[in-house]
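# Coordinates in review
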Amino acid sequence: MKLKLDENLGHTPANLLRRAGHDVSTVYDQNLCSASDRQIASVCRSEGRCLVTLDLGFSNPLVYDPHSYAGIVVMRLPDNPGLQDIQEAIQTLIAGLIREDVSRKLWIVRRRRIREYRPD
């Protein structure tokens, strides 16, 4: 799966996802830090990459319609997450990507749980 990690996730998640066989690009590596959410979403769309972020703004399907993207994954971590919290959430994402395709979907990922947005 082609993924783009937002700048708020750091290097550990990128390394875990790469070791799981995913093609990972980061906002940081592409010098997109401080870019607007709309610009990041546009780059993800043009590259055909699923965005993985902590930014709750991307969980609003009225602003970022998941059907227009290669997927949006919003990681929901506890306040002041530790390395273990991040690793468990990324492992949950990796397991989810093995079972199902995230393309054109919005996933909210927590430790040991994935909730998929489904419009009524």
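Residues numbered from 1 in each chain as written. Predicted model: local features only at pLDDT ≥ 70, side-chain atom pairs only at ≥ 80, totals over all residues. Heavy atoms only, no water.

## A short note on the overall build of the protein chain
Across its full length, the protein chain carries 3 helices and 6 strands. Going from the N terminus to the C terminus, the protein chain shows its helices and strands as β-α-β-α-β-β-α-β-β. Relative to the globule expectation of 14 Å for 120 residues, the C-alpha radius of gyration of the protein chain, 13 Å, shows essentially globular dimensions. In terms of its C-alpha atoms, the protein chain occupies a principal-axis envelope of roughly 35 × 30 × 30 Å. With 120 residues in all, the protein chain has 44% of them scored as buried. The long-range share in the protein chain, meaning contacts at least 24 apart out of those at least 6 apart in sequence, stands at 48%. Approximately 6600 Å² of the protein chain is accessible, and the part contributed by carbon and sulfur atoms is 44%. Looking at the protein chain, you have 17 positive and 15 negative side-chain charges, and the mean spots of the two groups are 4 Å apart. (Helix = DSSP H or I, 4+ residues; strand = E, 2+ residues; numbered from the N terminus. Rg over C-alpha atoms; globule rule 2.2 N^0.38 Å. Buried < 20%, exposed > 50% of the residue type's maximum accessible area, 1.4 Å probe, protein only. Contact = heavy atoms within 4.5 Å. Areas by Shrake-Rupley, 256 points an atom, 1.4 Å probe, with all protein chains shown as cover. Lys, Arg positive; Asp, Glu negative; His and termini not counted. Charge placed at Lys NZ, Arg CZ, Asp CG, Glu CD.)

## Some words on the packing of helix H1 (residues 11-19) against helix H3 (residues 83-99)
It is at 10 Å that the axes of H1 and H3 come closest, and there the two elements cross at 35 degrees. For the crossing formed where H1 meets H3, the hand is right-handed. On H3, the residues touching Thr12, Pro13, Leu16 and Leu17 of H1 are Leu83, Ile86, Gln87, Ile90, Gln91, Leu93 and Ile94. Split by residue class, the contact of H1 with H3 holds 8 nonpolar, 3 polar and no charged. (Axes fitted to C-alpha atoms, helices over the stretch in contact; angles between N-to-C directions. Left-handed = near helix turned anticlockwise from the far one by under 90°. Nonpolar A, V, L, I, M, F, W, Y, C, P; charged D, E, K, R; others polar.)

## Examining empty space enclosed by the protein
This model, assessed by the stated rule, comprises 1 cavity of 30 Å³ or more. If you trace the largest cavity, you find it lined by Ala41, Cys44, Leu51, Phe58, Tyr64, Tyr69, Gly71 and Ile72. Here the residues of the lining of the largest cavity sort into 7 nonpolar, 1 polar and no charged. (1 Å grid on protein atoms, 1.4 Å probe; cavity = no way out; pocket = protein on both sides within 12 Å on 5 of 7 lines; lining within 4 Å. Points joined across faces, edges and corners; volume = space filled by probe spheres on them.)

## Some details on the sheet that holds strand S5 (residues 106-110)
Pairing within the open sheet is mixed, and its 6 strands lie in the order S2-S1-S3-S4-S5-S6. Two strands close off the open sheet at either side, each with one partner strand: strand S2 (23-26) and strand S6 (113-116). Strand-to-strand twist in this sheet, taken as the mean axis angle between neighbours without regard to direction, amounts to 25 degrees. Taken together, the 3 bridges between strand S3 (residues 50-53) and strand S4 (residues 72-75) define a ladder with parallel strand orientation. The residue bridging Thr53 from the neighbouring strand is Val74, located in S4. Running at roughly 165 degrees to strand S1 (residues 2-5), helix H2 (residues 37-47) makes contact with S1 and S3 of the sheet. Here H3 sits on the sheet and contacts S1, S3, S4, S5 and S6; the angle it forms with S5, its principal contact strand, is near 140 degrees. (Pairing = 2+ DSSP bridges.)

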